[in-house]
Each structure stands twice: as C-alpha cells, then as structure tokens.
Amino acid sequence: MYDLIAELYPICRSITGNGVRKTLDIIGKHVPLEIHEVPTGTNVFDWTIPKEWNISDAYIKNSKGEIIVDFKKSNLHILNYSSPVHKKLSLKELQEHIFTLPNQVDVIPYLTTYYKENWGFCMQYNQYKKLPDDEYEVFINSSLKNGSLTYGEFFIKGKTDDEILFTSYVCHPSLCNDNLSGVVLITYLAKLLKNLNLKYSYRFLFIPETIGAITWLSKNVSNLSKIKCGLVATCVGDPGAFTYKKTRNNTSKIDRIVEKVLLDSKVPHKIVNFFPSGSDERQFSSPGFDLHIGSLMRTMYTVFPEYHTSADNLDFVTADSMRESLEQYLKVIFILENDAKYANLVSKCEPQLGKRGLYDAVGGQKKQKIEKMALLWVLNLSDGGNSLLDISIRSGLTFEEIKNAADLLYEKKLLKIID
Ligand code: ZN
C-alpha cells in the first residue's frame, strides 16, 4: 500500500482532468474499474460540472530569469484550478496572487479555486517574506475547457443485492494522508474482497470530493435504496489514534460495528458525532438520501498540522499505519458478513453442555473461561431478538469470541439461524 501511495504521489490531481484519469489508470491495475466521464455543463442537483482543468507547467521567474517557484518541484505551488496566465508584474501585483501560511512558515499550503476563475501560487511564508522588490514573470500553462468529470467505480456482487459502500476521493494532488491513504486503502480492500464469497455486495467509489459525490448520487438515485451502509476512507495513513465519525443518525448499525471493532482491537481511538462538514459523508447523508455513511479515519482532517500542506508527504504516512487501518476495515467487513440472529433450541433452562463435549472445550484457564462465558451469553441471549453483534456488545466479549461460540453451538445443534 505504501508503494502505491508513492506511485500516485507525484501526480497533479484536481476535481477534473488528466491527473484523475492517470490515477484511475494506476488503480485499475489492481482492480478493474469502470470509468465514467460526465460532460462539462451537466447539471447534477444544484451543481453544474465545471470546465475540465489541465496543467503542464507553471513558474515564477525573477528579473534575472531564475525560477524561484516551480510547479515541477511541487504541484502544490499552484493554486489548484488556476486559469492560464503569462505576464510580467511588480512584487506588489504578484503578492495579490500569492498564498502562504504565516503560522507554518516552512510548508507550501494546498489551496483551490474550483468555482471562481483566478490564478495564484502557493509558497513557503519564509521564502515569500524575503522576496525582493523586482519585476517578476509568472507563467501558468493550464487550460480550462469543456471536457468532463471523471470517476471510477468497482462493484463486487454478493449473495444479496444489499450493498455496502466504500468511497474515497481522488482529487487531491501531492498529499499523502489526505487522501492517497484512503484511495489506496479502499483499492486494497477491493482487491482482497473481489475473490471471496460474500453475503453483501460491495461498491467502491473513486470520485472527486464533493462534486464527484454529488454527480454519482445524481446518476444513481434509483439504486440508492440498496445501500445499507458504508464508510468514507480518508486520513488513514498517519500514526495517530483512530477517529470514527458517526453517521448522521448516530445510531446506525455501522456505528455500532465500527465502535465495537475499535474497542475489540484495543487501539487508541475516539468517536465523534456527525457534523455536516468534512468529506463526502455530508453528501451521502444529506436529508434527501440519509444514507448510513460514517467515516473511519486515524487523525481527522483539519486536526493534524500537516493537513493540506506539503508536510502531508511520504514521510508523514507509514506502511504500519496503513496496515493497521486496513485491518480495522477488514474487521468491520467481518462483522457485517457474520452478524446474524440465532435461536436457542433448548431455551428452557441451560442445555447440558458436558454431555455434548462442550465442557471439554472450556477447562479452567482464563482464555477458556471466556469461551465458556461466550457460550452462555450466546445461549441466553439467542432468543430471536439479539444478533451476535448485540450479544458481543452486551457481554463485553469480542465479536470474534461470540462468533466462535455461536459456531460451536450451531455445530452441536443447539442453535438455529433465524435471520
Ligand atoms: Zn482535503
């Protein structure tokens, strides 16, 4: 996963353009994506697909002809979606088109101008404040033309038509945690799931943030009732603690599952309630759809100082953090796939476990004691009303312990599956 982040890192992406296409091409080597192109000018709910933006070069030169800001060294140097420009201007005129972070003097900020035609450069404040009075040449070799918005989709058909949605956004340029980490995580998730026999169907979206989510929703209205729940994958590559942002109604099944996974994994984490900013969960959870989409992150966007700066680079994300994040996502899928309701077939008093050999499995050691408790919890609460997830939450045992106990009891014909 880290290598794939490194491969995608240099590409200059935006909400439209060849950077997105190239990114989807590379992801397509891992999972066969269906690519969609939606033309400029298409109305998608209250929005319109903008002109397509592409860029090949940009720089600022001083009067000696020396390049002092170079797009080829970092694509963050350009205000993303800048219109083309080539002219000479004074320091004072130039300053109106320069963006810096005076509180983080050594990093290049990431800024965009998608829906307002403008041009600009982003640079380190330290360099900016030393710019001498001079005549500067600015050159941005970009284009804003009728074209299309590109997104990629991958679908795995399961036994049921009910779908689980995983989405991530492919519009950020050279920024690793936000959000190549999320893009790469769901690529690997898709890669791992695609050859399995699954209960649910799984849909993976690789879309530009906001306008891409709005576009996808507008083209898929008639199928949205199939989506049972999902997660937006973002900021999953840094070494910080996990953050789970709950769904809009705060009590969906996916909320209970993710909380249980983080608890069972014993990883440091915090749970935050839904709020209507952030990433694409706000489009999926808009009142007209109200899909149950949460977001499982590590350190949340806007909270880490590297956020939207050149410091969100290949040193900030780690292979270990990516692996640990992928594991949490896989555990979420494990619960989704294995949660079920059972009925205890000997519900009047406890069944005699000894004569079924179940006490052999549960001697006196601590681990085995948990197994015995798991058997008793499953038997007691399998009254038709509780699922294995409910039982695991109420008992405080891990989902896996409860699932193992249920498997054993089912094998011994003490349970039947009811849902
Ligand atoms: Zn971002």
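Our subject is the structure that appears above.
Residues numbered from 1 in each chain as written. Predicted model: local features only at pLDDT ≥ 70, side-chain atom pairs only at ≥ 80, totals over all residues. Heavy atoms only, no water.

**Some words on helix α11 (residues 388-395)**
Right, on to step 1. Where burial is concerned, most of α11 is hidden: 6 out of the 8 residues are buried.
Right, on to step 2. Within the sequence span of α11, burial applies to Leu388, Leu389, Asp390, Ile391, Ser392 and Ser395.
Right, on to step 3. A positive backbone phi angle near 80° is found at Gly396, which sits one or two residues after α11. (Buried < 20%, exposed > 50% of the residue type's maximum accessible area, 1.4 Å probe, protein only. Helix = DSSP H or I, 4+ residues; strand = E, 2+ residues; numbered from the N terminus.)

**So, the side chain of Thr247**
Right, on to step 1. Looking at where Thr247 falls in the secondary structure, it is placed in the loop between β14 (242-245) and α7 (253-265).
Right, on to step 2. Within polar-contact distance, the side chain of Thr247 engages the side chain of Asp255 at 2.7 Å.
Right, on to step 3. In contact with Thr247, other than residues within four places in its own chain, are Ser252, Ile254, Asp255, Phe274, His292, Ile293 and Gly294. (Polar contact = N/O pair within 3.5 Å; in protein donor to acceptor, adjacent residues only side chain to side chain. Contact = heavy atoms within 4.5 Å.)

**Describing the coordination of the zinc ion**
Right, on to step 1. Coordination of the zinc ion by the protein comes from His172 (NE2), Asp178 (OD) and His308 (NE2), over a distance range of 2.1 Å.
Right, on to step 2. Here the donor residues of the zinc ion are spaced in sequence according to H-x5-D-x129-H. Taken together, the positions of Asp178 in helix α5 (residues 176-193) and His308 in the loop between β16 (293-297) and α9 (319-338) put the pair 130 residues apart, joining distant regions of the chain. A single burial state applies to Asp178 and to His308, both of which are buried. (Donors = N, O, S within 2.8 Å, 3.2 Å for Na, K, Ca; no water.)

**Quick notes on the sheet that holds strand β9 (residues 135-145)**
Right, on to step 1. The strand order across the open sheet formed by 4 strands is β5-β4-β9-β6, and the pairing between neighbours is antiparallel. The two strands at the open ends of the sheet, each matched to only one other strand, are β5 (67-70) and β6 (85-90). For this sheet, the mean angle separating the axes of adjacent strands, direction not counted, is 20°.
Right, on to step 2. Note: strand β4 (residues 52-61) against β9, 9 bridges, orientation antiparallel. (Pairing = 2+ DSSP bridges. Axes fitted to C-alpha atoms, helices over the stretch in contact; angles between N-to-C directions.)

**Observations regarding unusual backbone geometry**
Right, on to step 1. The peptide bond linking Asp178 to Asn179 adopts the cis configuration, its omega dihedral lying at 10°.
Right, on to step 2. Relative to the elements of secondary structure, Asn179 occurs in helix α5.
Right, on to step 3. In this structure, Cys235 is a non-glycine residue whose phi angle is positive, near 50°.
Right, on to step 4. Tracing the backbone through its elements, the reader meets Cys235 in the loop between β13 (227-233) and β14.
Right, on to step 5. Given a relative accessible area of 0%, Cys235 falls into the buried group.

**Re the packing of α7 against α9**
Right, on to step 1. Orientation of α7 relative to α9, taken along the N-to-C sense of each, is 125°, at an axis distance of 9 Å. Between α7 and α9, the crossing angle belongs to the class labelled oblique. Both α7 and α9 take part in a crossing whose hand is right-handed. Counting all contacts with α7, which are made through Ile254, Ile257, Val258, Lys260, Val261, Leu262 and Ser265, the residues of α9 involved are Gln328, Lys331, Val332, Ile335 and Leu336.
Right, on to step 2. A per-class count over the contact of α7 with α9 returns 8 nonpolar, 2 polar and 2 charged. (Parallel < 35°, antiparallel > 145°, perpendicular 65-115°, else oblique. Left-handed = near helix turned anticlockwise from the far one by under 90°. Nonpolar A, V, L, I, M, F, W, Y, C, P; charged D, E, K, R; others polar.)

**Digging into empty space enclosed by the protein**
Right, on to step 1. Counted under the stated rule, the structure contains 1 cavity of 30 Å³ or more.
Right, on to step 2. In terms of lining, the largest cavity is formed by Arg13, Tyr169, Val170, Cys171, His172, Leu175, Asn179, Leu180 and Val183.
Right, on to step 3. The leading source of residues in the lining of the largest cavity is α5, at 3 residues. (1 Å grid on protein atoms, 1.4 Å probe; cavity = no way out; pocket = protein on both sides within 12 Å on 5 of 7 lines; lining within 4 Å. Points joined across faces, edges and corners; volume = space filled by probe spheres on them.)

**Details of the side chain of Thr234**
Right, on to step 1. As for its placement among the helices and strands, Thr234 is situated in the loop between β13 and β14.
Right, on to step 2. Within the structure, Thr234 has its side chain in polar contact with the side chain of Asn179 (distance 3.4 Å).

**Structural notes on the nonpolar core**
Right, on to step 1. Counting residues in each nonpolar core, the largest one holds 73 residues, and the members touching the most others are Phe166, Leu185, Tyr202, Phe204, Phe206, Leu231 and Tyr329.
Right, on to step 2. It is α5 that contributes the most residues to this core, 9 residues altogether.
Right, on to step 3. Ranked by size, the runner-up nonpolar core spans 50 residues in total, among them Leu131, Val138, Tyr151 and Leu175. (Core = buried A, V, L, I, M, F, W, Y, C linked by side-chain atoms within 4.5 Å.)

**Section: the environment of Trp53**
Right, on to step 1. Tracing the backbone through its elements, the reader meets Trp53 in strand β4.
Right, on to step 2. With residues up to four places along the chain from it excluded, the contact list for Trp53 reads Cys12, Ser14, Thr16, Gly17, Ile78, Asn80, Tyr81, Ser82, Ser142, Ser143 and Leu144.
Right, on to step 3. At a separation of 2.8 Å, a polar atom in the side chain of Trp53 contacts the main-chain carbonyl oxygen of Ser82.

**So, the layout of surface pockets**
Right, on to step 1. Within this model, the largest pocket holds a volume of roughly 320 Å³.
Right, on to step 2. Surrounding the largest pocket, 21 residues form its lining, Tyr114, His172, Glu209, Thr210 and His308 being those nearest its centre.
Right, on to step 3. Across the lining of the largest pocket, the residue classes tally to 11 nonpolar, 7 polar and 3 charged.

**Topic: the environment of Tyr329**
Right, on to step 1. Tracing the sequence through the fold places Tyr329 in helix α9.
Right, on to step 2. Sequence separation of Tyr329 and Ile186 is 143 residues, and the distance between their C-alpha atoms is 9.0 Å.
Right, on to step 3. If we skip the residues at most four places from it in the chain, Tyr329 touches Phe166, Leu185, Leu189, Leu231, Val232, Ala233, Val236 and Leu296.

**Side note on the pairing of β14**
Right, on to step 1. Here β14 shows no split at all, with Phe242 and Tyr244 on one side and Thr243 and Lys245 on the other all buried.
Right, on to step 2. Here 4 bridges tie β14 to strand β15 (residues 269-272), and the two strands are oriented parallel to one another. In the strand pairing of β15, Tyr244 is matched with Ile271.
Right, on to step 3. Bridge count between β14 and β16: 3 bridges; the pairing is antiparallel. Considered in β16, the bridge of Lys245 is made with Ser295.

**A look at the packing of α11 against helix α12 (residues 399-411)**
The relative placement of two packed helices comes down to the angle between their axes together with the axis-to-axis distance.
Right, on to step 1. Following both chains from N to C, one finds α11 and α12 inclined at 125°, their axes separated by 9 Å at the closest point. Relative to α12, the element α11 lies oblique. Note on packing geometry: the crossing formed by α11 with α12 is right-handed. Of α12, the residues touching α11 (which contributes Leu388, Leu389, Ile391, Ser392 and Ser395) are Phe399, Ile402, Lys403 and Ala406.
Right, on to step 2. Tallied by class, residues from the contact of α11 with α12 come to 6 nonpolar, 2 polar and 1 charged.

Such coordinate-based values are descriptive only and should not be taken to indicate function.
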